[in-house]
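What follows is each chain in one-letter form.
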Amino acid sequence: MTKIITENLHLHYGENHALRGIDLNIHANKITALIGPSGCGKSTFLKTLNRMNDSVPNIKITGKVLLDGEDIYDSTVDVTKLRKKAGMVFQSPNPFPMSIYDNVAYGLRIHGIKKRVLIDEIVERSLQGAAIWDEVKDRLRTPALALSGGQQQRLCIARTLAVSPEAILMDEPTSALDPISTMKIEELMSELAKKYTVVIVTHNMQQAARISDYTAFFLLGEMIEYDKTNNIFAAPKDQRTENYITGRFG
Amino acid sequence: MHAGATCKKGCEELNSITGKRKRPTDIVLYSIIGLFTVAVFAMTAYFAGYILIKGLRGISFAFLTTASNPIIGTIGILPAILNTAYIILLTLVFAVPVGVGGAVYINEYAKSRKLIRVIEFTTETLSGIPSIIFGVFGYVFFCTFLNLKVSLLSGAFTLTIMVLPTIIRTSQEALKSVPLSYREGAAGLGASKWYMIRTILLPNASSGIITAIVLSVGRIVGESAALLLVAGGSAMYLPKGSFFEQIKSSGSTLAVELYRYAYSRGENEVGFAIAALLLIIVIGLNLIVKLIGKRLNRGAK
Amino acid sequence: MENSITRTSSITRKRKLKKPVETIMNVIFLICGLAAVVSVILISLYMVFSGAPAIAKIGPLKFLAGQIWNPEVNDFGILPLILSSVTATGLAILIAVPAALCAAIFLTHIAKKRVATVLLFLVELLAGIPSVVYGLLGAILIVPLVFKAQTALGMPMSGSLLSASIVLVIMILPTIISVSVASINTVPKQYNDVSLALGSSKMQSIMRAIIPAAKSGIVSGIVLGVGRAIGETMAVMMVAGNAPIMPELLKPARLLTVGISMEWAYSSGLHRDALYGIGLVLFVFIMIINILLSSILKKGNNTGNK
């Protein structure tokens, strides 16, 4: 089952043609990794999937992005609903300067949920879902910024889970973390894929190989190759993909 | 299902992302913000325009270049302009070396973090003290204790303390922006500290120091409450005698004259003319600061 | 002096002997560095030593809680002055804070960059306008408006507490706006992004993510505004009517600062001492505000770092 489809997606920042006709089918409840050298457009592509690029000046996007068959760039789309459905986890852990509890509850309050009992319940479930509940359950009211980097990132994932997304877009979620925290997040991602569609941008090819089901290779704004991860890493069809994954450039 | 719990009610369309809806609270907030912002800036523009239109009419060559003559009934503010110039000059002569020196000390010499914190706290405190307090202090200390009487000199000393925080803080910013590598380069060549400060640090921080001076001039020109107490007097006559005799006599600056004309004597026309003059000076000073800032930015690029 | 560098060519000697110029300059810079400290100490001492005896002579209670100020018969009660200052400042803050916050939000998150630059320049300009100019504007534009209200209510036309408060609003607006703008601008852009990514509207992310993160800066701006308002003299003197009576919105009022400046020129003896006493009371107010401010800033820094 496909969750997200992009059709002939182009993106211009002023003069810069950053995405050049991307066609991609992202499968539901799978992990899709986007790899490629820096500046290849993978992060830009990820951000077009929940319209986080909208506020960038001089940006022009053409083509289609379908989420469950609905074009997200259609004029009738409510961006807040879109982003609730396709949540995002950022590169560096970025909890708000509030308590752990308030961080997770933030999105719920944004969406008008006021009942304490319900918020309590979802906060707990989200923290469990992000595999951090046991570490923080006794100090939910303490500042989130006092957590370690890895814990902060899992808290950010919990915060995203709290608004019940269907897809989770992760922009190099482990690049700012130490190896042990990275491992924990990778384990968590496999767990998440059971319920959510996960798209992850990573510059770490081993990570893509370890955790993803599908891999797309980007280069200079184009998607060069997209296949099951095993195929990409075992038998890339395109010479450029091979060059990249064997470390000949990038 | 996990997703179900959070949207028991609003999700009948089963997670469709279409159907735009502006939140009513957002609309209200946007309106409030817009309203207040318009009010604030419309008022500012109105005030500035009002002063300029009412005041510029009263400014003439004779107004600026003569003293008032009560016999033939002409009004001129040259004495006040001269007093203002004296006070600016004297204050800068005292305050700039001390302020810049203080900034150099904090940035280059001070090793004890505690001492730095004390200096920064007192600088902060100084900038929070209102001018009337400076006036009272200046009167007791400079006019009475040091026996300088109510005079331009007392005014300049009092203002020196008042502008000190501005000069220290702005110079400190400028010194901080001089790259560490310059210092290391000089030290690497065996230059002594004072030599390095003189030849590398201060020249490179000069725009910042000029900004500090311009900001101080703004403060001095606008000051009235403190000067009313320590420099007081009036500005009816042109200052007489040698430079030192002049600065030892009392005299009021433009801002104090504005107060005297408009409040004590009810001559609003003159008040507005001086107000327009002050406003033009303030606009000019602000533009200079902006230009220096722009040049700095371009230099950095 | 420059060639003293070449003279000390031996490194060992250089380390032991600091050149005299260096030592002298070190001392000179130290003195400059201490200028602010010395000034604050001197000001504090002089304010206390000139103000406290007067208060003691008049009697602290009679001075601070006395309701009548009449120098001719040696009545020096400054309660009306204290309450007028507090009321005028409170009223000014009450109006200025929401307006300033709105303007700051507009400048940082709604206005186009170019518009914001121009408006910010205007704010800086507003901050640089001398207080006497505000006083004149207040006397010509605001006081007559209040006259209308006073006539309508059958009260005598005069300067008033209300006029003073309005002038103060205008004068503290730029302070609060520019401090708020600066602190909102230091909020990491990520907070906005995260909030949007969770499905908030732009306004929600401003109100719930950005403003709370800038809170300590904004509060320090407000405290700074309180300090400015309570210390303002000339502008207030030109519009407030200056009668030393208990504060009433549409009646004349004398604030602490004006209490000093009004009668300074023709006071002597115990009367002058009483003015020093007012100075001390005002100074204490300001010091409390200063200490409050620095503790807010310290707290803000701590939470910002970790």
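What you see is a predicted model, and the numbers here were worked out from it, not measured in a lab.

Each value, and the rule that gives it
Residues numbered from 1 in each chain as written. Chains lettered and ligands numbered in written order. Predicted model: local features only at pLDDT ≥ 70, side-chain atom pairs only at ≥ 80, totals over all residues. Heavy atoms only, no water. Helix = DSSP H or I, 4+ residues; strand = E, 2+ residues; numbered from the N terminus. Rg over C-alpha atoms; globule rule 2.2 N^0.38 Å. Buried < 20%, exposed > 50% of the residue type's maximum accessible area, 1.4 Å probe, protein only. Contact = heavy atoms within 4.5 Å. Buried area = accessible area lost by both parts, 1.4 Å probe. Salt bridge = Lys/Arg side-chain N within 4 Å of Asp/Glu carboxyl O. Polar contact = N/O pair within 3.5 Å; in protein donor to acceptor, adjacent residues only side chain to side chain. Pairing = 2+ DSSP bridges. Axes fitted to C-alpha atoms, helices over the stretch in contact; angles between N-to-C directions. pLDDT = per-residue confidence, 0-100. Nonpolar A, V, L, I, M, F, W, Y, C, P; charged D, E, K, R; others polar.

### Observations concerning the overall build of chain A
The number of helices and strands found in chain A is ten helices and ten strands. The C-alpha atoms of chain A give 18 Å as radius of gyration, which agrees with the globular expectation for 250 residues (18 Å, within 12%). In terms of overall dimensions, chain A has C-alpha extents of about 55 × 45 × 35 Å along its principal axes. In chain A, which comprises 250 residues, the share counted as buried stands at 57%. In chain A, of all internal contacts separated by at least 6 residues, the share reaching a separation of at least 24 is 67%.

### Looking at the interface of chain C and chain B
Between chain C and chain B, the contact holds 77 residues from the first and 75 residues from the second. Buried area between chain C and chain B, summed over both chains or domains, comes out near 6900 Å², and the portion from carbon and sulfur atoms is 82%. Contact with chain B buries surface across chain C, with Phe29(C), Tyr46(C) and Leu136(C) losing the most and accounting together for 9% of the total. The interface formed by chain C and chain B holds one salt bridge in total. Notably, a salt bridge pairs Glu124(C) with Lys290(B), separated by 3.0 Å at the nearest N-O pair. Taken together, the links from chain C to chain B amount to eight residue pairs in polar contact (both at pLDDT 80 or more).

### Digging into the sheet that holds strand 3 (residues 31–35) of chain A
All names here are of chain A. Pairing is mixed in the open sheet, where six strands are placed in the order 6-7-8-3-9-10. The outermost strands of the open sheet, each flanked by one partner alone, are strand 6 (86–89) and strand 10 (222–228). On average, each strand axis in the sheet is inclined to that of its neighbour by 15 degrees, with strand direction left out of account. As defined by bridge partners, strand 3 adjoins strand 9 (residues 214–219) across four bridges and the pair is classed as parallel. Considered in strand 9, the bridge of Leu-34 is made with Ala-216.

### Let's talk about the confidence of the model for chain C
Residues and elements named next belong to chain C. Here chain C averages 90 in pLDDT, while 92% of its residues score no lower than 70. Counted against residues more than four places away or in other chains, residues 1–6, with its pLDDT under 50, gives six contacts. Both confidence scores are given for the complex: pTM 0.88, ipTM 0.89.

### Quick look at the interface of chain B and chain A
Between chain B and chain A, the contact holds twelve residues from the first and 21 residues from the second. When chain B packs against chain A, the two sides together hide about 1600 Å² of surface, and 50% of this comes from carbon and sulfur. Along the contact surface separating chain B from chain A lie zero salt bridges. Seen at the junction of chain B and chain A, the total is six residue pairs in polar contact (both at pLDDT 80 or more). Its residues placed into classes, the side of chain B that touches chain A shows three nonpolar, six polar and three charged.

### Structural notes on the environment of Leu155(A)
Residues and elements named next belong to chain A. Within the secondary structure layout, Leu-155 lies in helix 6 (residues 149–162). Classification of Leu-155 by relative accessible area gives buried; the value is 1%. Considering only alpha carbons, one finds Leu-155 and Glu-15, 140 residues apart in sequence, at a separation of 38 Å. Dropping the residues within four chain positions of it, Leu-155 is found in contact with Pro-95, Ile-100, Asn-103, Val-104, Leu-127, Ile-132, Ala-144 and Leu-147.

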